[in-house]
Amino acid sequence: MSDPNHPENPGLGDVLAAQKTLTGITRVTALEGSRYLGDLVGAPVRLKCENLQRTGSFKLRGAYTRIAGLDDAERARGVVAASAGNHAQGVALAASLLGVESTVFMPAGAPLPKIAATREYGAEVRLRGQVVDETLAAAEEYARTTGAVLIHPFDHPDVVAGQGTVGLEILEQCPEVRTIVVGIGGGGLAAGVALAVKALRPDVAVIGVQAEGSAAYPPSLAAGRPVALPEVSTMADGMKVGRPGDVPFRIIADLVDEVRTVSEDALSAALLLCLERAKLVVEPAGASPVAALLSAPEAFDGPVVAVLSGGNVDPVVLERSLRHGMAAAGRYLSLRLRVPDRPGVLAALLGALSVADANVLAVNHVRTDPGLGVSEAEVELQLETQGPRHCVEVREALGAAGYRILG
């Protein structure tokens, strides 16, 4: 049941067939409410928890649908894929479940937990390139030389159809939905969701979200064709795609109502919110719909469903993202003060901070700067605070205690 204008495009019938294929393979993931986001938006907001899907992301849906559609001769040649991690794990598990050998190419900087998980699911892992586009080129060359079938992470009708089952589940779980917000890397998930949702509920808005540093869709949509970015840079490794896929681009251009971009600060804040408020571990790409809601809550007609596409985050990236998110939310405060260089002054300063309920993370006590007087010292402080208002209160408390804040 493909689009007659583009016979290679999937249609609603393909998504419904994928849903049957995936029965007993993928989970119908939970739809959790968020009171905090609901208050912000002014309407109910629910989180579609694909971060709790098998392999930790939605990718198993498309990968299994694609591999299950191969004939015996194709399966015998094995499959190959390229991915920063989530598609890699989806392909590895899907191939193992179907008894097919898999080779997965991953960027050299892919998170170690994703590499380890892909191997544990049964794939042979090879590290090539720095971004997904370079890694994909290596996988395509492998497919040409060995005959293995390339399982593209987003640019294939079967993959898009499999991802579209997320949209079917949302309509079943939340029939009153007015807006669905979904992240976009290459576009497979957004295209699949839009395909399913617009066929059944054309009144529902589908909003795509990209990280500012890897936003290939806005210029591509403006040009009317996929346009490659000269470079991509974002903490959201699941979104480091420099060129939209041909199949998802056509669908997104026709069916997605809007594509928004979000900053790295917004991604960090969204990841922090998911962890603190929703008790959900979500990777930066998966948190992009929440970042869009935080950035412009007035722009979304509710009830809203935000798709948390994945939860496979490197602990190092998680720590860095949370620290960045706390800084963006005003939860950290850096200060420099000039104080007399005599015994007891530093202890008194720390006591004043204790009274102000500021948690001291780091102290740098400088006595040797040539700009200091003979009897002066400079103190650099890293503080954890309770938010922007508390930052102001800490500054005022130090000023009232007689301390001179330099910056």
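No experiment lies behind these values; they were computed from the predicted model shown. Here the residue index of a chain counts from 1 through its sequence in written order. Confidence filtering applies because this is a predicted model: local features only for residues at pLDDT of at least 70, side-chain atom pairs given and counted only at 80 or more, and all residues used for totals across whole chains, interfaces and linings. The basis for every side-chain value is the complete set of heavy atoms in the structure, and neither hydrogens nor water enter the calculation.

1. Section: the nonpolar core
For soluble globular proteins, nonpolar side chains are generally found buried alongside one another. Residues enter a nonpolar core if they are buried and are Ala, Val, Leu, Ile, Met, Phe, Trp, Tyr or Cys, with the set joined through side-chain atoms within 4.5 Å. Summary of the burial criterion: residues with accessible area below 20% of their type's maximum are buried, those above 50% are exposed, and those between are partly exposed, where the area comes from a 1.4 Å probe applied to protein chains only. Membership of the largest hydrophobic core comes to 35 residues, with the highest contact counts inside it found for Ile 180 and Ile 252. A run of H or I in DSSP counts as a helix once it spans at least four residues, and a run of E counts as a strand once it spans at least two, with each numbered from the N terminus. Of all elements in the fold, only α1 (12–21), α8 (157–163), α9 (165–173), β7 (179–183), α10 (188–200), α12 (246–255) and β10 (304–308) reach the threshold of two or more residues within this core. Sorting elements by how many residues they give to this core places α10 first, with 8 residues. Any two residues whose heavy atoms approach within 4.5 Å at even a single point are treated as in contact. Among all residues touching Ile 252, those that are not within four sequence positions of it are Ile 184, Gly 187, Ala 190, Ala 191, Tyr 217 and Val 259.

2. Details of the environment of Tyr 217
Here Tyr 217 shows up in helix α11 (residues 217–223). Sequence-wise, Tyr 217 and Arg 323 are 106 residues apart; in three dimensions their C-alpha atoms are separated by 29 Å. Residues contacting Tyr 217, with those up to four places away along its chain left out, are Ile 184, Gly 185, Gly 186, Gly 187, Gln 210, Pro 244, Gly 245, Pro 248, Phe 249, Ile 252 and Val 259. Here a polar contact is taken to be a pair of N or O atoms separated by no more than 3.5 Å, where protein atoms must pair a possible hydrogen donor with a possible acceptor and residues adjacent in sequence count only if both atoms sit in side chains. A distance of 2.7 Å separates a polar atom in the side chain of Tyr 217 from the backbone oxygen of Gly 186.

3. Quick notes on the sheet that holds strand β1 (residues 31–33)
For two strands to be treated as a pair, DSSP must find no fewer than two bridges joining them. Taken in spatial order, the 6 strands line up as β1-β2-β10-β7-β8-β9 in an open sheet, and their pairing is mixed. Either end of the sheet is taken by a strand with one partner, and the two such strands are β1 and β9 (258–262). Mean inter-strand twist for the sheet, computed between neighbouring axes without regard to direction, equals 25 degrees. One ladder, built from 3 bridges, connects β1 with strand β2 (residues 45–49); its direction is antiparallel. Looking across to β2, one finds that Leu 31 is bridged to Lys 48. Those strands touched by helix α14 (residues 288–295) are β2, β7, β8 (205–211), β9 and β10, and its axis lies near 120 degrees from that of β7. Helix axes are fitted only over the stretch in contact, all axes being lines through C-alpha atoms; the angle between N-to-C directions runs from 0 to 180 degrees.

4. Structural notes on the domain arrangement of the chain
Here the chain is described as being made up of domain 1 (12–57 + 156–326), domain 2 (59–150) and domain 3 (330–406). The distance between the C-alpha centroids of domain 1 and domain 2 comes to 22 Å. With 30 residues of domain 1 at the interface, the matching set in domain 2 holds 22 residues. Once two parts are put together, the accessible area they lose, assessed with a 1.4 Å probe and summed over both, is termed the buried area. At the boundary of domain 1 with domain 2, total buried surface from both sides reaches about 2200 Å², with 58% on carbon and sulfur atoms. Considering only the side of domain 1, the residues that lose the most area to domain 2 are Thr 55, Ser 57 and Asp 237, jointly responsible for 23% of the buried surface there. Basic side-chain nitrogens of Lys or Arg form a salt bridge, by our definition, when they fall within 4 Å of a carboxyl oxygen of Asp or Glu. Seen at the junction of domain 1 and domain 2, the total is 4 salt bridges. Note that Asp 237 is salt-bridged to Lys 114, the shortest N-O span being 3.3 Å. Between domain 1 and domain 2 we count 12 residue pairs in polar contact (both at pLDDT 80 or more) in total. If you list the elements that add at least two residues to the side of domain 1 that touches domain 2, you get α1, α8 and α9. Each domain's limits were defined by an automated method or a database of domain assignments.

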